[in-house]
Amino acid sequence: MAYFWCRTAVRVGVLSALTLSCSGEPESNPCTDTSCGDSDAAGDSDSDGDGEADGDDSGDADADGDTDVDTDTDADSDGDADGDDGSDVDSDSDNDTDTDSDSDSDSDADQGTKRDATSDGQIDSHETAGTGPDDDTPTDTRVDTGRGTDDEAETDPSPASDPPLGSESEGTADSETATDSATAEAAFQVTNPLIHNRADPWIYRHDDGFYYFVATAPEYDRIPLRKATSLSELASAPEIDIWTKHGSGEMGAHIWAPELHRIDGAWYIYFAAGRAEDIWAIRIYVLENTAADPTAGAWTERGRIETDWESFSLDATTFELDGARYLAWAQNDPNMAAHNTNIYIAPMSNPWTLSGPQVMLSRSEYAWEQVGYPVNEGPAALVRNGRVFISYSASATDANYCVGLLAAPEGSDLLNAASWTKAPEPVLRSGNGVFGPGHSMFTVSPDGTTDLLVFHGRDYENINGDPLDDPNRHTRVQRLLWGDDDMPILGPPEANGTLTIGGDGST
């Protein structure tokens, strides 16, 4: 049956207070009349990152038979929050306001015009989609470092000089100008799906004039990287495998949801991986490259990020705001058996080390977050309009996979759960022939004036077999809109075809 409930555009103007206690009954399931259970044979909504409602055995209630809160954040067995067996939660999207398109975890929670306050070129869910030039522009030295702490020192003379939303320099760029910024740039075109068979997409717009793209490969065995001077050229750009899984031990299986960030003059990739001997022992790892071009130079394994618990964890993103760097990720709390994965945040002392206890920002409390599996995963930050936004993915990774939204005032204590509010309804869900949209993140147009939304989705609703084995989650790009209330409008997904963005403001 069709998931028609997913076809309504959702604009979140008011966010409900986030309740962190486990008491109280969840709201009635909006999917009750739409058969939101995962479509895969496993019966799991596959909230793992594989984008499938797979029945894998990763901590999800999936077909693998394990009730399994499997350490993976996904509802599926893959341990990732998305439905796929890949660690991808498919929900990356940084909050940084810098122009970089990465949803990197950089502290670019700034909502300035610099989309990506971190130098990751992403808009970082914390980065605000500013209207100024994209973060990637040399003018914003905080590219990817977050609010000026990124690789480049924040030299922007004004918000207008801040990098665009996908460029990792997430300082607090002028968030107010972002709303009508699109009309100032020349039109460009993007054809969806942009890149086939690539889930959990991450597009980083850097100040060297290139877009860098990493994503989950359906074989879950490597990290592919490509670059191009335009978004449309990414579709045919040569792809190189910058790292492959180990033959044994850690980082030997389920290579999921890589994110590329530029921090303090170096490149970092955050990704999730299992052990060769225990594929569901999913954890978060970091790679480092000090070369100017991430497609060149050597990648060094910085190892695993140690969290408060030894449990299933994935979908890490980073962002910087007001000189402080944060990591946001999905993890299973061993004491919360009813929830596969929750969204957490913690401060960082360097790109691969946490410096304080983790704080839970969201758990699957609403019915639309629990279809197939009770999952929250794939966080991405964006700083904008005086707020820090974190988008995340929920439910199994089949057609029920969707995107939720958290928000906190810029300047508030981001490590205090009370600072955050949560949208009571999904902000992006199935519609217009696109099913299971998720693992979102943000980037910017070539001139940094238009904010863009990046996510993955399938072209069909029903999946034959295990969703983890279904490779057809494709990368998609569309314009990110802003409401009169300065809230982001992520949905509905645009139908397949060519979009003209910018110029006259058309999408």
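Reading guide: rules and limits
- Residues numbered from 1 in each chain as written.
- Predicted model: local features only at pLDDT ≥ 70, side-chain atom pairs only at ≥ 80, totals over all residues.
- Heavy atoms only, no water.
- Helix = DSSP H or I, 4+ residues; strand = E, 2+ residues; numbered from the N terminus.
- Buried < 20%, exposed > 50% of the residue type's maximum accessible area, 1.4 Å probe, protein only.
- Contact = heavy atoms within 4.5 Å.
- Areas by Shrake-Rupley, 256 points an atom, 1.4 Å probe, with all protein chains shown as cover.
- Core = buried A, V, L, I, M, F, W, Y, C linked by side-chain atoms within 4.5 Å.
- Polar contact = N/O pair within 3.5 Å; in protein donor to acceptor, adjacent residues only side chain to side chain.
- Pairing = 2+ DSSP bridges.
- Axes fitted to C-alpha atoms, helices over the stretch in contact; angles between N-to-C directions.
- Phe/Tyr/Trp six-rings, centres within 6.5 Å; stacked < 30°, edge-to-face > 60°.
- Lys NZ or Arg CZ within 6 Å of the ring centre and 35° of its normal.
- 1 Å grid on protein atoms, 1.4 Å probe; cavity = no way out; pocket = protein on both sides within 12 Å on 5 of 7 lines; lining within 4 Å.
- Points joined across faces, edges and corners; volume = space filled by probe spheres on them.
- Salt bridge = Lys/Arg side-chain N within 4 Å of Asp/Glu carboxyl O.

Student: Let's hear about the overall build of the chain: which residues, and what values?
Tutor: Counting secondary structure elements, the chain contains one helix and 25 strands. Evaluated residue by residue, the chain yields a buried proportion of 68% over its 507 residues. For the chain, the proportion of contacts with a sequence separation of at least 24, taken over those separated by at least 6, is 65%. Surface summary for the chain: the accessible area is close to 13,700 Å², and the carbon and sulfur share equals 49%.

Student: Could you give an account of the nonpolar core, with specific residues and numbers?
Tutor: The biggest cluster of nonpolar side chains holds 53 residues, and the ones touching the most others in it are Ile203, Leu231, Leu260 and Phe271. With five residues, strand E4 (residues 211–216) is the largest single contributor of residues to this core. Setting aside residues up to four positions removed in sequence, Leu231 forms contacts with Phe188, Val190, Leu194, Ile203, Tyr211, Leu452 and Val477.

Student: Quick one: what's the story with the environment of Asp221, residue by residue and with numbers?
Tutor: Tracing the sequence through the fold places Asp221 in the loop between E4 and strand E5 (222–228). The exposure class assigned to Asp221 is partly exposed, which follows from its relative accessible area of 24%. Remark: the alpha-carbon pair of Asp221 and Trp256, spanning 35 residues in sequence, is separated by 8.5 Å. Not counting residues within four places of it along the chain, the set of residues in contact with Asp221 comprises Thr244, Lys245 and Ile255. Only 2.9 Å separates the side chain of Asp221 from the side chain of Arg222, close enough to count as a polar contact.

Student: How would you sum up the sheet that holds E4? Please name residues and give values.
Tutor: Reading across the sheet, the four strands line up as E3-E4-E5-E6 and stay open at both edges, with antiparallel pairing between neighbours. For this open sheet the edge positions go to strand E3 (199–205) and strand E6 (240–244), each flanked by a neighbour on one side alone. Averaged over neighbouring strand pairs, the angle between their axes works out to 25 degrees when direction is ignored. Strand direction decides the pairing type here: E3 and E4, joined by five bridges, are antiparallel. Directly across from Ala199, in E4, lies its bridge partner Thr216.

Student: Account for the pairing of strand E21 (residues 451–458), naming residues and giving values.
Tutor: Here E21 lies mainly inside the structure; eight of its eight residues are buried. The two faces of E21 match: Asp451, Leu453, Phe455 and Gly457 on one face and Leu452, Val454, His456 and Arg458 on the other face are all buried. Relative to strand E22 (residues 474–479), E21 runs antiparallel, the two sharing six bridges. Looking across to E22, one finds that Leu452 is bridged to Arg479.

Student: Break down the packing of aromatic side chains for me, with residues and values.
Tutor: Within a pair of aromatic rings, the relevant descriptors are the distance that separates the centres and the angle that separates the planes. According to the stated counting rule, one finds 13 aromatic pairs in the structure shown. Ring geometry for Tyr212 and Trp267: centres 5.4 Å apart, planes at 55 degrees, overall tilted. Separated by 55 residues along the polypeptide, Tyr212 in strand E4 and Trp267 in strand E8 (residues 266–275) bring together distant segments of the chain. By the burial criterion, Tyr212 is buried, and Trp267 matches it. Between Arg205 and the ring centre of Tyr211, over which it is positioned, the NZ or CZ distance is 5.2 Å. When the ring centre of Trp352 is taken as reference, the NZ or CZ atom of Arg302 above it lies at 4.1 Å.

Student: Could you give me a rundown of empty space enclosed by the protein, with the residues and numbers involved?
Tutor: A probe matching the size of a water molecule, rolled over the atoms, marks out where space remains unfilled. The full count for this structure, using the stated rule, is one cavity of 30 Å³ or more. Quantified by volume, the largest cavity comes out at close to 60 Å³. Around the largest cavity, the lining comprises 10 residues; the ones closest to its centre are Ala199, Thr216, Pro218, Pro471 and Arg473.

Student: Can you lay out the pattern of salt bridges for me, pointing to particular residues and giving the numbers?
Tutor: Applying the stated rule across the entire model yields 17 salt bridges. When the shortest N-O distance is used, the salt bridge between Arg384 and Asp451 registers 2.3 Å. Of this pair, Arg384 sits in strand E16 (residues 376–384) while Asp451 sits in strand E21; the two residues are 67 residues apart in sequence, bridging distant segments of the chain. The partner of Asp459 in a salt bridge is Arg476, and the shortest N-O contact between them spans 3.8 Å. One end of the pair, Asp459, is in the loop between E21 and E22; the other, Arg476, is in strand E22, with 17 residues separating them in the sequence.

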